[in-house]
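Listed below, chain by chain, are the residues.
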Amino acid sequence: MLNSARLQVLLEIARRGTIVAAAQALHLSPSAISHQLARLEQELGVALVERAPQSLRLTPAGVRLAEHAQAIADLMAVAQDDLRAHSQGAAGVLRIGFFASAGLDLLPRALAAFAADHPQVELELIMGQPHELVPDLEAGRLDAAVVFEHPLDPWCRRAAVDVRMYFEEPQLVVVPLRHRLGRRSVVRLAELEGESWIGTHGGSTGEPVLERACAAEGFRPRVRCRSDHYQVTINLARAGMGVALIPALGLADSAGVHVCRLDHPQLHRRIGVATRATNRNPALRAFLAELGAAAGEIRSLLDMRWAL
């Protein structure tokens, strides 16, 4: 195995022409340089320099090895610069999981700011439900996961995962424009008994939040259709197929429907981010700062528009 320090000695001799000059460049004594050169020749079994009383010249083998030494030195410099960029969070890979409606506004706000300041960080984005993303986070396949949690459907917190909640997102009722509640700004869930609903498929427990909330009010909703794509849900409500419960982040296009705030203490989602306490990815801290800033902006917008 070639010794990198001895290769550096040969490289400096090739660059500077004498042992004394190489010793000065490497802050070593001339005798130390001569010793390292002799050890290198012994290890390789080939003469690397021609010594004369007043001169020193590389042999063809010495010239060839000096070329290899320069290539190795260049590669080590590239590696050092690359790792320095990684340690400062300026380069590397950041893997982020997110739920679908976070991808409409919250996550794009954070990523736009992050990418502008960290153009060399490669971003991998994976969409899924929190109960799908958290195991990947635990296993190290994700660096962070933008998550939500319903008071009526909490998910089991895991010791290896830290969760920071940013804000509460209201659940909204979407009805066709000519619906009997089409002029109301706030409704109670009990007022919607007997309606046809466009519901969701539910989270990790399999029982949708709508059914849980309605059961607490003493009735079972009549669900005509189920979809976890909120624009599909809104389009069906627009067509008069029923009413729907939509989280505020999922309300991208409300043209042709009426949206009411729901007066219910438990029908909202808590929005936050899950991370792994042991994760030492330097880019993560910068992303979390941008996500927190974006969450503050979204929280202010929701408070202004949907405060009871």
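Note: the structure precedes this text.
Along each chain, residue indices are assigned from 1 in the same order as the chain's sequence is written. pLDDT decides what is reported in this predicted model: residues at 70 or higher carry local features, side-chain atom pairs at 80 or more are listed and counted, and totals for whole chains, interfaces and linings draw on all residues regardless. Side-chain numbers come from the whole structure's heavy atoms, not from hydrogens or water.

Chemist: Where do I start with the pattern of salt bridges in this structure?
Modeler: Pairing of side chains with opposite charge becomes possible as their charged atoms draw close. When a carboxyl oxygen of Asp or Glu lies within 4 Å of a side-chain nitrogen of Lys or Arg, that pair is called a salt bridge. Following the criterion strictly, the structure yields 16 salt bridges and no others. Note that Glu43 and Arg6 form a salt bridge whose closest N and O atoms lie 2.4 Å from each other. Note that Glu43 is positioned in helix α3 (residues 30-44) and Arg6 in helix α1 (residues 4-16), a separation of 37 residues in sequence. Using a 1.4 Å probe on the protein chains alone, a residue whose accessible area is under 20% of its type maximum counts as buried, one over 50% counts as exposed, and one in between counts as partly exposed. For Glu43, a relative accessible area of 39% translates into the label partly exposed. Between Arg15 and Glu12 there is a salt bridge, with the nearest N and O atoms lying 2.8 Å from each other. Here Arg15 pairs with Glu12, and both are found in helix α1, just three residues apart, close to one helical turn. Residue Arg15 is classed as partly exposed on the basis of its relative accessible area of 45%. Under the relative-accessibility criterion, Glu12 is labelled buried at 5%. Taken together, the salt bridges that share partners define one network made up of Arg6, Arg39 and Glu43. Secondary structure elements follow DSSP: runs of H or I of four or more residues count as helices, runs of E of two or more count as strands, with numbering from the N terminus.

Chemist: Just to check I follow, could you spell out the environment of Gly97 for this structure?
Modeler: Within the secondary structure layout, Gly97 lies in strand β3 (residues 91-98). The exposure class assigned to Gly97 is buried, which follows from its relative accessible area of 0%. In the structure, Gly97 is positioned 163 residues away from Cys260 in sequence and 30 Å away in space, judged by C-alpha atoms. A contact between two residues is defined here by any heavy atoms of the two lying within 4.5 Å. In contact with Gly97, not counting residues within four places along its chain, are Ile126, Leu133, Leu142, Ala144, Ala145 and Val146.

Chemist: Mind showing me how you'd approach the nonpolar core here?
Modeler: Soluble, globular proteins show a tendency: their nonpolar side chains are buried together. Of all hydrophobic cores here, the largest spans 40 residues; its most connected members are Leu94, Leu106, Val146, Phe167, Phe287 and Leu291. Sorting elements by how many residues they give to this core places helix α9 (residues 282-306) first, with nine residues. Sequence-distant contacts of Phe167, defined by excluding residues within four places in its chain, comprise Leu249, Arg269, Arg270, Ile271, Ala295, Ile298, Arg299 and Leu302. Residues belong to one nonpolar core when they are buried, are Ala, Val, Leu, Ile, Met, Phe, Trp, Tyr or Cys, and are joined through side-chain atoms within 4.5 Å. Counting residues in each nonpolar core, the second largest holds 18 residues, with Cys214, Val243, Leu262 and Leu267 among its members.

Function cannot be read off these values alone, since they describe shape.
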